[in-house]
Amino acid sequence: NKAPKPELKRLPSGTFTIDADCRVVSSTVPCLVPEAQVRDIGQQVLAIFEGARNANLQFSELVVQYAAFKITARAMRGGAIVFLSPRSLQSVAAP
């Protein structure tokens, strides 16, 4: 028996805005991306910005780069705007 071939899936792209309570206010992220995943990214971004504020650091932009994916976030009055940018296709094993 051969293992199933990996399926190529596009990484999500789009932008979402979250408020200070991590509620998604607006989004262009495709609906195929689970809402929980978008919230998780948003929570991490807000936690980083809050940590910077608590440490009295002037920190208004966060860039996280992976080999095939980039997340850019900008602080906005307690919330944030988050940009998801794929860099190439990712090979993911099909369920």
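Provided above is the structure to which this section pertains.
Below is a summary of the structure that appears in this document. (Residues numbered from 1 in each chain as written. Predicted model: local features only at pLDDT ≥ 70, side-chain atom pairs only at ≥ 80, totals over all residues. Heavy atoms only, no water.)

1. Observations concerning the packing of aromatic side chains
Now for step 1: Evaluated as defined, the whole model comprises one aromatic pair.
Now for step 2: Residues F49 and F59 carry aromatic rings whose centres are separated by 5.7 Å and whose planes lie at 55 degrees to one another, so their mutual orientation is tilted. With F49 in helix α1 (residues 35–54) and F59 in the loop between α1 and β4 (61–65), this pair connects stretches of sequence that are 10 residues apart. (Phe/Tyr/Trp six-rings, centres within 6.5 Å; stacked < 30°, edge-to-face > 60°. Helix = DSSP H or I, 4+ residues; strand = E, 2+ residues; numbered from the N terminus.)

2. A short note on the pattern of salt bridges
Once the charged atoms of two side chains with opposite charge are near each other, the side chains can pair.
Now for step 1: Within the structure shown, the criterion is met by four salt bridges.
Now for step 2: Two residues, D19 and R23, come together in a salt bridge whose shortest N-O distance is 2.9 Å. (Salt bridge = Lys/Arg side-chain N within 4 Å of Asp/Glu carboxyl O.)

3. Digging into the environment of A75
Now for step 1: Its place among the elements puts A75 in strand β5 (residues 69–76).
Now for step 2: Judged by its relative accessible area of 32%, A75 is partly exposed.
Now for step 3: Along the chain, A75 and E61 lie 14 residues apart, while their C-alpha atoms are 6.3 Å from each other.
Now for step 4: Setting aside anything within four residues of it in sequence, one finds A75 in contact with F49, S60 and A80. (Buried < 20%, exposed > 50% of the residue type's maximum accessible area, 1.4 Å probe, protein only. Contact = heavy atoms within 4.5 Å.)

4. With respect to α1
Now for step 1: The end-to-end C-alpha distance of α1, which contains 20 residues, comes to 28 Å, matching closely the 28 Å that a straight helix rising 1.5 Å per residue would cover.
Now for step 2: On its buried face, α1 is in contact with β2 (14–18), β3 (24–27), β4, β5 and β6 (79–86).
Now for step 3: Directly after α1, the chain includes N56, whose backbone phi takes a positive value near 55 degrees. (Expected span 1.5 Å × (residues − 1).)

5. Description of the nonpolar core
Now for step 1: Grouped together as the largest cluster of nonpolar side chains are 19 residues, with contacts concentrated most on F16, I41, V45, V82 and L84.
Now for step 2: Elements that contribute at least two residues to this core include exactly β2, α1, β5 and β6.
Now for step 3: Looking at this core element by element, the count peaks at five residues for α1.
Now for step 4: Residues contacting F16, with those up to four places away along its chain left out, are V24, S26, S27, V29, V38, I41, G42, A80, I81, V82 and L84. (Core = buried A, V, L, I, M, F, W, Y, C linked by side-chain atoms within 4.5 Å.)

6. Considerations on the side chain of T17
Now for step 1: Tracing the backbone through its elements, the reader meets T17 in strand β2.
Now for step 2: T17 sits in the buried class, given a relative accessible area of 15%.
Now for step 3: Setting aside anything within four residues of it in sequence, one finds T17 in contact with R23, V24, V25, S26, M76, A80 and I81.

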